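Commentary on secondary and tertiary structure
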Amino acid sequence: MSTATPARRSAVPPPPRPPVKVYPGAVFPESSIFMIGYYPLTIEPHAVVHPRVRFTTLHGPVRIGPGAIISEKSMIGVQYTEQKQQKQQQQQPEQIPPATRTTVPGQGQGQAQEQGESSEGEKSQARKVESVTLERGVIIEPGAYVEAELVREGTVIEAGAKIGRGCHIGRFCKICPYITIPPGENLPDYTVVYGNGEGERRIDHAGATEPGLDELRLRMSSVHVNLLKKLVQVPPKKG
Amino acid sequence: MALSFPYLYISCPCASETTLPPVWPYSNRLSRENAEDDDEEDEKTFDPRNPRANYSLYPLEHLLFCEDCRQIRCPRCALEEVLCWYCPSCLFESPSSAVKTEGNRCTRNCFQCPICTSPLSVNALEKPDPRDLSWILSCPYCAWSSLDIGIRFDRPSAIAGQLLRMRNGGQPTLTRKERDGERDRRKRGDTNDAEEEDDHSWKQHKEIEDVDDHFSNIRAFYTDQLAETSASSPFGGNNEFGYGSPGALSRIMGLYSRAGRLSSHRPKDKIRPMREAFGEDEGVKLFDAKGEDEIIERMKSVGWEGTAKLEQQSWQNRDARFLSDLRPVPTLLRTKRARRCRTCRHILTKPESKVASTRYRIRLVALNYVPTMTLKPLVPSPAPPSAAPAVTAAPTPLPPTAPSINLQALPSLIPTQFLLTLHNPLFDPVRVTLATPARTPGRFGSKVTILCPQFDIGANTDMWDEALTDVAAGSSGSEPGPGAKSRGSAAGNQSQPTPGAAAALDAAKRARAAADFDGPVQAEAGKIWDSGRNWTTIVLEVVPANLDEESPSSKPNKSAATNNPGKHDSNPDEPPGETGLEEDEDVLEIPVFVRINYEADISSEDEDGPAADDAVIVRNKRGEKKVKRELAYWCVLGVGRISKIA
Ligand SMILES: [Zn+2]
Ligand SMILES: [Zn+2]
Ligand SMILES: [Zn+2]
Ligand SMILES: [Zn+2]
């Protein structure tokens, strides 16, 4: 996990726009992507971001790994905090580098509206960086909602699935459509979550032990990326 | 609140027949006599609250109609027969002979995931070495694959056959021939040095023996036994007839009778009793406590995740306690079915035999023969005549648009009017007679009055026919009923036979309605409310029961009910004040007896066919030969829920 570059304050407060770093080879149609936040958004090489994706970096940096595919209407990044989840969050093991800044002006206003009568002292104390990192070859399908802290290599999060904040999703996992993963879960490698609601879980042992299957999956996703590079149009930047 | 009001259920007349019509080839004459015997039954009021009623009430859409019996047919009085078997996954048709021998599952490449039941797909498993190519079954949903049970295939086709020859883990199963060979060899006790090695492999094989081996062993044992015992059976040694042959039953019966009769002068030892299976070679598997321990050990090692759910176990056709025991489930075949009338065996519905087609060749649905009935609350509720203002403007167009009456809470003891519209699907004008008990059956009888119990409905002719053949259709046809002054035909006389006549006709009708009634549009006894090309609307008046007071008697007593409407004295015999309602007792359901008479064009069947017995052939005014037909049945109108008086 690369340390986040220090967040720069946006000049115009109303819609804070995150600093974006797009590596060469990545597809990022910036004009048709909705972004909000103060922390940096990093798109690594050969990642493909579809139009109409929403990124939120209000609570921490977001990093999209190489060769990842983010489909349209999906939401990446920790959304507005709720008090209950915040308490849960404090019990999580700390892996995130200490925040470069603990309070963000302008954010407090939005928070106050969301939280209502939450005590000011608790809020300022609880504020910490909640980053979202997607590793190499991760595929996020349309309408998925990812707040997970870390999604590791080759994992597929299918349409409409919701991954709660602070989750750690292992390598080559598969989250089936419309599954909800509650906040703070740790899914081991090769987990398949299927069914309804929070779903049934199974470990794909065969996928784990069969030699060459991981490379095969990554190769297939790279073929997918190459195709999308031709299909997803990046409109020329204005100005 | 599962009920949505209003609803209509039709009672299939087969329920009133004490026995089901006999199955062909008995003549349908018999059933008709039965029906005539039941005339007394018909006099009784149909009670929708009778538990038996549940078995005869159907929505009109679920009913069929037999043209030969001229009767409604429900699932109870229609027979189903399978036309063809097909796989829903690959849409291949299986011949019924294959279904009998190979079972009702797809024998091609169609399998379902043993974890989640999704259809499995055949995928190639690529390897750096192209010669190493193999195929697996994999689930696109839960990512299960046949690798989980250690199975991979050499070819992407005939997966079922390949799977049959493989155990979980990939070891081959013995073919039947191999099994038989091994068994014979063991029986003979061959322990030649040359076969020592083979014997060793057999022993190894024994350790992973499964259900198939047991089955083949026990089957071989009984085949032998049959051959031995039938040689000494009274009918001689015809070994070629097994117990499965068609004549087997009669031979077994003969064996019993003959054996009893001839036992005195026939040596008993001639009939050798069949031996029971004994030993593993004959398919007997003794209980082994060690095996149970093994299972427990295995459970310890694989844990909760490694065991199959009960549901998953039930999909398997053999014992599968662990995930590693699961096998892909071949897709269950489906059928296309035809329905026949139980009485006359004529086909009522028959889908096209092509698997991919969803069309029907024959489909005699009741919707095309039985008038549909729709119920609507009449708003505004008619005010007393004195309070009503003199009509000046044209009355509101019929029927009313927004019902303000809440059908989920009908006010008790307040007369409420409903519009009952009947649509005629037939191509002949019909005369409808409706009858209903004055008080609905049950503990709480609501008072029901049909303001116009007998009326005519026009034929379901072409839309344009109405406009083009105006006068003739209006004046001729069946003579108008006593109550129904056919406003539709009168208006038709005046309107012009132009294509745009419909609007004019409507306006004329409305004007006439205003003129005729000399007052606000109000339901009038003996008159229809409105009518059109093939529909007629009448008014139904209901006084919902008081749920706090039980009816004087649970039996519908017509005279008593009509004599003191709205006022019920509580029955002294029953405990008073019993207000606890049973489930859905507050639902207002009106049983209505519908009788439809019409004159149909004569068909060739009516001339000399079986239907000629009861069909009365008449000549109408134009001298055309017509057949008088009649259809009668009970139906139930669900009006709404009665609210308690607060
Ligand atoms: Zn029936
Ligand atoms: Zn199939
Ligand atoms: Zn599956
Ligand atoms: Zn019939």
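Residues numbered from 1 in each chain as written. Chains lettered and ligands numbered in written order. Predicted model: local features only at pLDDT ≥ 70, side-chain atom pairs only at ≥ 80, totals over all residues. Heavy atoms only, no water.

- In the nomenclature of an unreviewed UniProt entry, chain B is known as Dynactin subunit 4 of Xylona heveae.
- What UniProt records for chain B under Sequence similarities (unreviewed entry) is the sentence "Belongs to the dynactin subunit 4 family." (UniProt positions renumbered as here; feature names shortened; annotations may be inferred.)

- As recorded in an unreviewed UniProt entry, chain A goes by Dynactin subunit 6 and comes from Xylona heveae.
- In its Subcellular location (unreviewed entry) section, UniProt records this for chain A: "Cytoplasm, Cytoskeleton".
- Listed in UniProt under the heading Sequence similarities (unreviewed entry), the comment for chain A reads: "Belongs to the dynactin subunits 5/6 family. Dynactin subunit 6 subfamily."

**With respect to the overall build of chain A**
- Each helix and strand in chain A was counted, giving five helices and 20 strands.
- Within chain A, the fraction of its 239 residues that count as buried is 49%.
- Counted over contacts in chain A with a minimum sequence separation of 6, partners at least 24 positions apart contribute 33%.
- Summing over all exposed atoms, chain A offers an accessible surface of approximately 11,700 Å²; the carbon and sulfur share of this is 54%. (Helix = DSSP H or I, 4+ residues; strand = E, 2+ residues; numbered from the N terminus. Buried < 20%, exposed > 50% of the residue type's maximum accessible area, 1.4 Å probe, protein only. Contact = heavy atoms within 4.5 Å. Areas by Shrake-Rupley, 256 points an atom, 1.4 Å probe, with all protein chains shown as cover.)

**Here's the deal with the interface of chain B and chain A**
- In this assembly, 16 residues from chain B lie in contact with 15 residues from chain A.
- Buried surface at the junction of chain B and chain A, summed over both partners, amounts to about 1,200 Å²; 50% is from carbon and sulfur atoms.
- Connecting chain B to chain A are three salt bridges.
- Between D148(B) and R202(A) there is a salt bridge whose closest N-O contact spans 2.8 Å.
- Along the contact surface separating chain B from chain A lie seven residue pairs in polar contact (both at pLDDT 80 or more).
- Residues belonging to the side of chain B that touches chain A are distributed by class as follows: nine nonpolar, two polar and five charged. (Buried area = accessible area lost by both parts, 1.4 Å probe. Salt bridge = Lys/Arg side-chain N within 4 Å of Asp/Glu carboxyl O. Polar contact = N/O pair within 3.5 Å; in protein donor to acceptor, adjacent residues only side chain to side chain. Nonpolar A, V, L, I, M, F, W, Y, C, P; charged D, E, K, R; others polar.)

**Focus: the nonpolar core**
- Counting 63 residues, the largest nonpolar core has V370(B) and L434(B) as its most contacted members.
- No other element matches strand 21 (residues 587-601) of chain B, which puts eight residues into this core.
- If sequence neighbours within four positions are ignored, V370(B) has contacts with I10(B), L60(B), F65(B), I72(B), P425(B), L631(B) and Y633(B).
- In this structure, A68(A), C176(A), L120(B) and L326(B) belong to the second largest nonpolar core, which totals 59 residues. (Core = buried A, V, L, I, M, F, W, Y, C linked by side-chain atoms within 4.5 Å.)

**Here's the deal with the pairing of strand 15 (residues 416-423) of chain B**
Residues and elements named next belong to chain B.
- Judged by how many residues are buried, strand 15 sits mostly within the fold: seven of eight residues are covered.
- Where strand 14 (residues 372-377) meets strand 15, six bridges bridge the pair, whose relative direction is antiparallel. Looking across to strand 15, one finds that M373 is bridged to L422.
- Summarising the sheet, strand 15 and strand 20 (residues 535-543) pair through eight bridges and their orientation is antiparallel. When the bridges of strand 20 are listed, H423 appears paired with W535. (Pairing = 2+ DSSP bridges.)

**So, helix 5 (residues 213-231) of chain A**
- With 19 residues, helix 5 of chain A should reach 27 Å at 1.5 Å per residue; the first-to-last C-alpha distance of 27 Å fits that figure.
- In this fold, the buried residues of helix 5 of chain A make contact with strand 4 (48-49), strand 7 (69-70), strand 10 (139-140) and helix 4 (205-209) of chain A together with strand 8 (121-125) of chain B. (Expected span 1.5 Å × (residues − 1).)

**Observations regarding the coordination of the zinc ion (ligand 3)**
Residues and elements named next belong to chain B.
- Those donors, C113 (SG), C116 (SG), C139 (SG) and C142 (SG), are the protein atoms that reach the zinc ion (ligand 3), and they lie 2.2 to 2.3 Å from it.
- Taken together, the four donor atoms surrounding the zinc ion (ligand 3) define angles of 104 to 118 degrees at the centre, an arrangement classified as tetrahedral.
- Within one chain, the residues donating to the zinc ion (ligand 3) are spaced in sequence as C-x2-C-x22-C-x2-C. (Donors = N, O, S within 2.8 Å, 3.2 Å for Na, K, Ca; no water. Tetrahedral: all angles 85-135°; square planar, octahedral: opposite > 155°, others 65-115°.)

**Comments concerning the sheet that holds strand 12 (residues 347-351) of chain B**
All names here are of chain B.
- Read from one edge to the other, the open sheet built from five strands follows the order 6-5-11-12-13, with strand pairing classed as antiparallel. A strand with exactly one partner marks an edge of an open sheet, and here the two such strands are strand 6 (93-94) and strand 13 (360-363).
- Relative to strand 6, strand 5 (residues 78-86) runs antiparallel, the two being bridged by two bridges. Residue pairing for strand 6: Y86 is matched across the bridge by E93.

**Describing the pattern of salt bridges**
- Counted according to the given criterion, the structure contains 21 salt bridges over all chains.
- The residue R17(A) makes a salt bridge to E30(A) at a minimum N-O spacing of 3.5 Å. Remark: E30(A) occurs in the loop between strand 1 (20-22) and strand 2 (34-37) and R17(A) occurs in the segment before strand 1; sequence separation between them is 13 residues.
- With its nearest N and O atoms 3.3 Å apart, the salt bridge here joins E297(B) to K300(B). Residue E297(B) and its partner K300(B) are both found in helix 9 (residues 289-302); the two are separated by three residues, about one turn of the helix.
- Here E297(B) falls in the partly exposed class, since its relative accessible area comes to 46%.
- A cluster of three or more residues bridged by salt bridges with shared partners is formed by R136(A), E153(A), R171(A) and D214(A).

**Some words on the coordination of the zinc ion (ligand 4)**
All names here are of chain B.
- Those donors, C66 (SG), C69 (SG), C341 (SG) and C344 (SG), are the protein atoms that reach the zinc ion (ligand 4), and they lie 2.1 to 2.3 Å from it.
- Viewed at the metal, the four donor atoms of the zinc ion (ligand 4) are separated by angles of 100 to 115 degrees, and the geometry they form is tetrahedral.
- As a motif over one chain, the donors of the zinc ion (ligand 4) read C-x2-C-x271-C-x2-C. Separated by 275 residues along the polypeptide, C66 in strand 3 (residues 64-66) and C341 in strand 11 (residues 334-341) bring together distant segments of the chain.
- Under the relative-accessibility criterion, C66 is labelled buried at 0%.

**Quick notes on the pairing of strand 23 (residues 625-641) of chain B**
All names here are of chain B.
- The element strand 23 is largely enclosed, with a buried count of 13 among its 17 residues.
- Of the strand pairs in this sheet, strand 1 (residues 7-11) and strand 23 are connected by five bridges, and their pairing is antiparallel. Within strand 23, the position partnered with L8 by the bridge is L637.
- In this sheet, strand 23 lies alongside strand 21 in antiparallel orientation, the contact comprising 15 bridges. The residue bridging A600 from the neighbouring strand is V627, located in strand 23.

**Topic: the sheet that holds strand 7 of chain A**
Residue and element names in this part refer to chain A.
- Read across the open sheet, the seven strands follow the order 4-7-10-13-16-19-20; overall the sheet is mixed. The strands lining the two open edges of the sheet, one partner per strand, are strand 4 and strand 20 (200-203).
- Judged from the four bridges that link them, strand 19 (residues 191-194) and strand 20 form a sheet pairing that is antiparallel. Looking at strand 20, one finds that V193 is bridged to R201.

**Side note on a negative patch on the surface**
Residues and elements named next belong to chain B.
- A cluster of acidic residues, D288, E292, D293 and E294, forms a negative patch on the protein surface.
- Mapped onto the fold, D288 is located in the loop between helix 8 (248-262) and helix 9.
- A residue is classified by how much of its surface remains accessible, and D288, at 45% relative accessible area, is partly exposed. (Patch = residues over 30% accessible without salt bridge, like charges linked within 9 Å, V, L, I, M, F, W, Y side chains within 5 Å. Lys, Arg positive; Asp, Glu negative; His and termini not counted. Charge placed at Lys NZ, Arg CZ, Asp CG, Glu CD.)

**What about the packing of aromatic side chains?**
- Here the structure, examined in full by the defined rule, presents nine aromatic pairs over all chains.
- Pairing F172(A) with Y190(A) gives two aromatic rings, centres 5.8 Å apart and planes at 15 degrees, and the pair type is stacked. Residue F172(A) is located in the loop between strand 15 (168-169) and strand 16 (174-175), and its partner Y190(A) is located in the loop between strand 18 (186-187) and strand 19; the two are separated by 18 residues in the primary sequence. Just as F172(A) is buried, Y190(A) falls in that class too.
- Summarising the aromatic geometry, the rings of F221(B) and Y222(B) are spaced 5.0 Å apart at their centres and angled 70 degrees between planes, so their arrangement reads as edge-to-face.
- Exposure remark for F221(B): the relative accessible area of 4% places this residue in the buried category.
- Grouped by ring-pair contacts, the aromatic residues F5(B), Y7(B) and Y9(B) constitute a single cluster.
- Here the guanidinium or amino end of K21(A) rests over the ring plane of Y23(A), the centre of that ring lying 4.8 Å away.
- A cation over a ring is seen here: K162(A) above Y145(A), with NZ or CZ 5.4 Å from the ring centre. (Phe/Tyr/Trp six-rings, centres within 6.5 Å; stacked < 30°, edge-to-face > 60°. Lys NZ or Arg CZ within 6 Å of the ring centre and 35° of its normal.)

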